[in-house]
Amino acid sequence: MNTGNVSGGLHSTSGIAGQGYLFSQQQQQQQQQQQQNAMAQPKGIYPSKYQTQALYARIGDPSAGATNAMYGEMPGTIAGATGVGGTSVHAYQGAGGNAMAAAAATAAAAGAESEALYQLMVELFSATNREQALAELSRERDRNPDLGVALWNAYGVMTILYQELIAIYPLLNPPALTMPMSNRVCNSLALLQLVATHEQTRMQLLKANVPQLLYPFLSTTSKAKQYDNLRLTSLGVIGALVKYDNHEVISFFVATEFLPLCLKIMDIGSELCKVVATFIFQKIILDDGGFSYVTSHPKRLHTVLVILNNVINQMVAAPSGRLLKSVTKCLIRLADNQKAKEEMREGVSDHLRDATFAQVFSEDVSYRRLVYQLILKLA
């Protein structure tokens, strides 16, 4: 009897082990099949789940919720909010204390704001809601500095922004752009400026040659407000790229023939466009590569000095302290070249030396110092 029981127990144990092995094999086969199915599925927007999981910052599990899929890759300011993969409000309240409850409430509000931003990005995929979504996202740019990273990584969003820019090319020449159209494109450009400003996405935007999409806007000559806004916002994107004094960025703009467009705006643009364009030009010549490009060719150098003189002469009727300082800084930098210095001694505008800008000279100490520095350099 004992032997039979032992034998029966062994057979029973062996049968269970065999069943467990078969079950394990079936599980592995099912997992492999699920992985193959997941790889075969289309990535990005799933029409059947448009409202709840339409957008992914990175390609994730299609069965995951919209929030996890979207914010799993987002930076801390946006993604780290409670309600986006964080601790719930009840957990904080359970810990006790008014401070914890207040922190939880703040985090919950941030989570709700993040969900609202997510929904706005989803609405970019709707032709009917896109214009309003662009305007709302543009208004959020000051409150969410990491929004640029989210836009860059969100599936399909950058393509939509590029399409918005390219769509108005036929309206540039002959001029047929309306103010609402210009505002819509300017909102797209404002979002591009967020991407250009953030250190994580700046160089990626440059390497994708995105700034060249803006050159047709900068080449427009119409002085109508809608075109001026377009030029100003485009210059804002480029200004965001050059202000960090990166040699690779400057080399890009020198190589892609941006300087003629910049000089033209300095010459004929509105005051605000002149200020931004002159700032960009100043940043380019502060770089050794940009300085060499401008000063190595006599005709090019002469053109630059003529345009800088024109900018000074155009300010006689309405002086601008910001623009005067930017132009003077450009002249100081160009004076480091001997040929430029010789030409500037004879050709620099007399308005910098006489009492034309006496009010700015007396009120702005930094401008006064710049003028003295230029005079000393040319002496």
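This is a predicted model, so every value here is computed, not measured.

Parameters and conventions
Residues numbered from 1 in each chain as written. Predicted model: local features only at pLDDT ≥ 70, side-chain atom pairs only at ≥ 80, totals over all residues. Heavy atoms only, no water. Helix = DSSP H or I, 4+ residues; strand = E, 2+ residues; numbered from the N terminus. Buried < 20%, exposed > 50% of the residue type's maximum accessible area, 1.4 Å probe, protein only. Contact = heavy atoms within 4.5 Å. Areas by Shrake-Rupley, 256 points an atom, 1.4 Å probe, with all protein chains shown as cover. Axes fitted to C-alpha atoms, helices over the stretch in contact; angles between N-to-C directions. Parallel < 35°, antiparallel > 145°, perpendicular 65-115°, else oblique. Left-handed = near helix turned anticlockwise from the far one by under 90°. Nonpolar A, V, L, I, M, F, W, Y, C, P; charged D, E, K, R; others polar. Core = buried A, V, L, I, M, F, W, Y, C linked by side-chain atoms within 4.5 Å. Arc of directions from axis to C-beta. Polar contact = N/O pair within 3.5 Å; in protein donor to acceptor, adjacent residues only side chain to side chain. Phe/Tyr/Trp six-rings, centres within 6.5 Å; stacked < 30°, edge-to-face > 60°.

Novice: What is the right way to look at the overall build of the protein chain in this model?
Specialist: Of the regular secondary structure elements, the protein chain holds 22 helices and zero strands. Residues classed as buried in the protein chain amount to 44% of the 379 residues present. Sequence-distant contacts, at least 24 apart, represent 68% of the contacts inside the protein chain between residues at least 6 apart. Total accessible area on the protein chain stands at roughly 19200 Å², and carbon and sulfur atoms take up 54% of it.

Novice: Just checking my understanding: could you explain the packing of helix α7 (residues 130–139) against helix α10 (residues 179–197) for this structure?
Specialist: Axes are the key here: two packed helices are described by the angle between their axes and the distance separating the axes. Remark: α7 packs on α10, axes separated minimally by 9 Å, with the N-to-C direction vectors making an angle of 50 degrees. In terms of orientation, α7 lies oblique with respect to α10. For α7 against α10, the interelement crossing comes out left-handed. Contact residues: Arg 130, Glu 131, Leu 134, Ala 135, Leu 137 and Ser 138 in α7; Pro 180, Arg 184, Asn 187, Ser 188, Ala 190 and Leu 191 in α10. Residues that form the contact of α7 with α10 fall into these classes: six nonpolar, three polar and three charged.

Novice: Before we go on, may I ask you to explain the nonpolar core in this structure?
Specialist: Soluble globular proteins: nonpolar side chains tend toward being buried together. Ranked by internal contacts, the top residues of the largest apolar core, which has 93 residues, are Leu 192, Phe 253, Phe 258, Phe 281, Leu 331, Leu 334 and Met 344. Setting aside residues no more than four positions away along its own chain, Phe 258 makes contact with Tyr 215, Leu 218, Leu 235, Ile 238, Phe 253, Ile 280 and Ile 284.

Novice: Help me understand helix α17 (residues 288–295) in this model?
Specialist: Since one α-helical turn is 3.6 residues long, residues separated by three or four positions face the same way. Turning to α17, its buried residues number three or more, namely Gly 290, Phe 291, Val 294 and Thr 295. Seen along its axis, α17 keeps its buried residues to an arc of 120 degrees; they face one direction. Among the structural elements, α14 (247–255), α15 (259–268), α16 (271–286), α18 (298–314) and α19 (321–334) are those in contact with the buried residues of α17. Near the N-terminus of α17, the side chain that reaches the backbone nitrogen of Gly 289, with its oxygen 2.9 Å away, is that of Asp 287.

Novice: Would you take a moment to explain the packing of aromatic side chains for this structure?
Specialist: The relation between two aromatic rings is expressed through the spacing of the ring centres and the mutual angle of the planes. For the structure shown, the criterion picks out six aromatic pairs. Relative to Phe 253, the ring of Phe 252 lies with its centre 5.2 Å away and its plane at 85 degrees, an arrangement referred to as edge-to-face. Given the relative accessible area of 11%, Phe 252 is considered buried. On the numbers, 5.7 Å between centres and 90 degrees between planes, the contact of Phe 361 with Tyr 372 is edge-to-face. Note that Phe 361 is positioned in helix α21 (residues 358–363) and Tyr 372 in helix α22 (residues 365–378), a separation of eleven residues in sequence. Overall, the relative accessible area of 24% leaves Phe 361 in the partly exposed class. Site record: aromatic cluster; members linked through ring pairs are Tyr 215, Phe 252, Phe 253 and Phe 258.

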